[in-house]
Amino acid sequence: MLLNRFETLAMNNPIRTAIQRHFEGRRLFEMGGAMNGGVALEVGCGRGVGAEIILDRFGADRVEAFDLDPRMARLANRRLVTRGNAVCVAVGDATQIAAPDGRYDAAFDFGILHHIPIWRDALREIYRVLKPGGRFYAEEVLEHALENRLLAHLFEHPREDRFDLARFRDALASQGFRIVETRTLGRDFAFFVADKPGPCDD
Ligand SMILES: C[S@@+](CC[C@H](N)C(=O)[O-])C[C@H]1O[C@@H](n2cnc3c(N)ncnc32)[C@H](O)[C@@H]1O
């Protein structure tokens, strides 16, 4: 689902950049550690700050990022032009990822899946495109926040089949992920690190 006018403003400003860089990126790094090279996927890259964090903090060699909204993909491309071949940005849909099975060493979701009506399809796709042993880092907005009357008035999100912490954890596990760690911020936000098991994991 595309962002409405208010959420587009909320996502495209220096405060959002600082939160993503100094709080969300740092927390996911504390939980899941560095990539130390390799290729990362970022789903729903927005204006491209996540890709900078993935390169600079997590140490990916390359980030392939996409967003459903061509305007966002354009903003990200503009922001990331100086990164050359280390970044590729496209228009795409997290429920049908245009990549072969097992392409990525890691995948990142900075607040995307709560925008997707059939978010479990996106989890299935993320699992598919990760290499065995690959790691999924996610920051997500929980059902409790979406029920806030002011936020529900200002922002548009799918209403059916939303997730709380337990439902998201269960969906990760049903997909086959091994959960490494989850953390919450109040009842509204959660952070997840989960691995696609490798051939030697039991
Ligand atoms: C809340 S914004 C977050 C953007 C960015 N990751 C950030 O943290 O600032 C959600 C983004 O997800 C994108 N989006 C929504 N549905 C999507 C889908 N099915 N596939 C890919 N991107 C999607 C929207 O266009 C929007 O840019």
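Overview of the structure. Within any chain, residue numbers begin from 1 and follow the written order of that chain's sequence. Per-residue local features of the predicted model are confined to residues with pLDDT of at least 70, and side-chain atom pairs are confined, for both listing and counting, to 80 or more; whole-chain, interface and lining totals are unaffected and use all residues. Excluded from the side-chain calculations are hydrogens and water; all other atoms, namely the structure's heavy atoms, are used.

## Let's talk about the sheet that holds strand β1 (residues 39-43)
Strand pairing in a sheet relies on backbone hydrogen bonds. The paired strands run either parallel or antiparallel. What counts is decided by this rule: We call two strands paired when DSSP finds no fewer than two bridges between them. Helix and strand definitions follow DSSP, with helices as H or I runs of at least four residues and strands as E runs of at least two, each counted in order from the N terminus. The axes are straight lines fitted to the C-alpha atoms, using for helices just the contacting stretch, and the angles between their N-to-C directions are given from 0 to 180°. Contacts are assigned to residue pairs with any non-hydrogen atoms lying within 4.5 Å of each other.
The strand order across the open sheet formed by seven strands is β3-β2-β1-β4-β5-β7-β6, and the pairing between neighbours is mixed. The open sheet has two edge strands, β3 (87-91) and β6 (178-185), and neither has a second partner. Averaged over all neighbouring strand pairs, the angle between strand axes comes to 15°, with direction disregarded. The strands touched by helix α4 (residues 70-79) are β2 (62-67) and β3; relative to β3, the strand with the most contacts, the crossing angle is about 165°.

## Considerations on the pairing of strand β7 (residues 189-195)
Put simply, the rule reads: The cut-offs for exposure are 20% and 50% of the maximum accessible area for each residue type, with area from a 1.4 Å probe on protein chains only; residues under the lower value are buried, those over the upper are exposed, and the others partly exposed.
Counting buried positions over the seven residues of β7 gives six, a clear majority of the element. Pairing geometry for β6 and β7, over seven bridges, is antiparallel. Residue L185 lies in a different strand from β7, and its bridge partner there is F189. Hairpin geometry of β6 and β7 is characterised by an intervening segment of three residues between the two adjacent antiparallel strands and by a positive phi of about 60° at G186.

## Things to note about the nonpolar core
Put simply, the rule is: In this description, a nonpolar core means a group of buried Ala, Val, Leu, Ile, Met, Phe, Trp, Tyr and Cys residues linked to one another through side-chain atoms lying within 4.5 Å.
Membership of the largest hydrophobic core comes to 30 residues, with the highest contact counts inside it found for L113, I126 and F136. Listing elements by their share of this core, those giving two or more residues are β1, β4 (104-110), α5 (119-129), β5 (130-141), α8 (165-175) and β7. Counting residues per element, this core draws most heavily on α5, at six residues. Those residues in contact with F136, other than ones at most four positions away along the chain, are A107, D109, L123, I126, L130, L172, F177, F192, V193 and A194.

## Describing the environment of A90
With respect to the secondary-structure elements, A90 resides in strand β3. Look at A90 and you get partly exposed, because its relative accessible area is 34%. Look past the residues within four positions of A90 in its chain and what remains in contact with it is A65, F66, D67 and A73.

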